[in-house]
Amino acid sequence: MGSERQERMKALGARLRGLRAEAGLTGAVLAQRAGVGQPTVSKVENGRMVPSADVLRRLSRALDLDESTAREMRDLLDAVEAAPDIAEASADETLAGTTVDEAVRSARLVRSFQCVVLPAMLQSAEYARHVFESAPNSTPEAVGRAVAARVERQSVLYEPGRESAFVLTEAVLRTWPGSPALMLAQLDRLLAVDSLTSVRIGVIPWRRAVPVMPRHGFTLCDRRAVVVETFRGERVVDDSAEVAAHEETFSRFEEAAIFGIEARELLLRVMQEFRDLEGSTTR
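Remember, predicted model here, so these are calculated numbers, not experimental data.

What counts and how
- Residues numbered from 1 in each chain as written.
- Predicted model: local features only at pLDDT ≥ 70, side-chain atom pairs only at ≥ 80, totals over all residues.
- Heavy atoms only, no water.
- Salt bridge = Lys/Arg side-chain N within 4 Å of Asp/Glu carboxyl O.
- Helix = DSSP H or I, 4+ residues; strand = E, 2+ residues; numbered from the N terminus.
- Buried < 20%, exposed > 50% of the residue type's maximum accessible area, 1.4 Å probe, protein only.
- Core = buried A, V, L, I, M, F, W, Y, C linked by side-chain atoms within 4.5 Å.
- Contact = heavy atoms within 4.5 Å.
- pLDDT = per-residue confidence, 0-100.
- Axes fitted to C-alpha atoms, helices over the stretch in contact; angles between N-to-C directions.
- Parallel < 35°, antiparallel > 145°, perpendicular 65-115°, else oblique.
- Left-handed = near helix turned anticlockwise from the far one by under 90°.
- Nonpolar A, V, L, I, M, F, W, Y, C, P; charged D, E, K, R; others polar.

(A) Spotlight on the pattern of salt bridges. For the structure shown, the criterion picks out 19 salt bridges. Note that Asp54 is salt-bridged to Arg58, the shortest N-O span being 3.1 Å. You can see Asp54 and its partner Arg58 sitting in helix H4 (residues 53-62), 4 residues apart, about one turn around the helix. Arg58 sits in the buried class, given a relative accessible area of 17%. Residue Glu67 pairs with Arg74 through a salt bridge whose shortest N-O separation is 2.9 Å.

So, in structure tokens, the structure goes:
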């Protein structure tokens, strides 16, 4: 049985499909008129994607909806966003983060910005366990499978022909679960991954003002899609305008970050602080 959110996504998609049929348009024509990708229209209509408010406005304009019907569509979207995203049948899939992991795995260029939690591709197994345990309705068995899947998928970092760039706020390094020892191992992993020629890890230090107020983390997969991360889960957006906007935002965060020796020195300072904290807690 699907979650309440999934059912509302299907209702929104069915209504959009019905309005498109009434207008006598194909999905491809509607996508062209709205300035979005044809896969976006297909995914929304089939209840597999939640459109952004901007995409829904474009679709409504392309369908020439009257104000009453356009409001109905907005209400359907609001209902989707308000619904909890818990499905018994897909709990393992939600925990495993297949949406973001599979999107990242298929990309040759990955760029990720995070302001609270470390990017999935950089998490140690123990750090990832804490992430998955905080998910709704998690079970020890599901968490174990999710952690194993995440660690296995991180092998793409070492595959030739791939590039990855990660930008973190300093707050990410200081937002820690578990124990100081866990974070020492996690930060040591960041240093090891940063030594790869195909990976760049940047940090925006607290002493620098952020160029844009961060609202959430996101991951760009090539220039085809962006995975937007929220408390309710992750959603893949392949609308070209949305992807371009996130690319521009990532570039601004990237310009504010420090890389290379400066970033490594910052990581080492934070590690020393965790050592001091570990020592104080064991006395």
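Anyway, onward from the coordinates.
(B) Seen up close, the nonpolar core. One finds Leu59, Phe113 and Val167 to be the most contacted residues of the largest nonpolar core, which totals 39 residues. Here Phe113 is in contact with Val167, Thr169, Ile204, Pro214, His216, Gly217, Phe218, Phe250 and Phe253, once residues within four sequence places are set aside. Counting residues in hydrophobic clusters, the runner-up holds 33 residues, among them Leu184, Leu190, Leu267 and Met271.

(C) Expanded view of the confidence of the model for the protein chain. Summarising the model, the protein chain shows a mean pLDDT of 86, and 90% of its residues fall at 70 or more. Confidence, expressed as mean pLDDT per element, reaches its minimum in the protein chain at helix H6 (residues 91-96) with 42 and its maximum at strand S3 (residues 199-204) with 98. pLDDT under 50 marks residues 85-98. Its contacts with residues more than four places away, or in other chains, come to 32 contacts.

(D) The packing of helix H2 (residues 27-34) against H4, seen in detail. Where H2 meets H4, the axes come as close as 8 Å, and the angle between the chain directions of the two elements is 110°. One element, H2, and the other, H4, form an angle in the roughly perpendicular class. Crossing of H2 over H4 shows right-handed handedness. Residues Leu30, Arg33 and Ala34 of H2 pack against Arg58, Leu59 and Ala62 of H4. Taken together, the residues that form the contact of H2 with H4 break down as 4 nonpolar, no polar and 2 charged.

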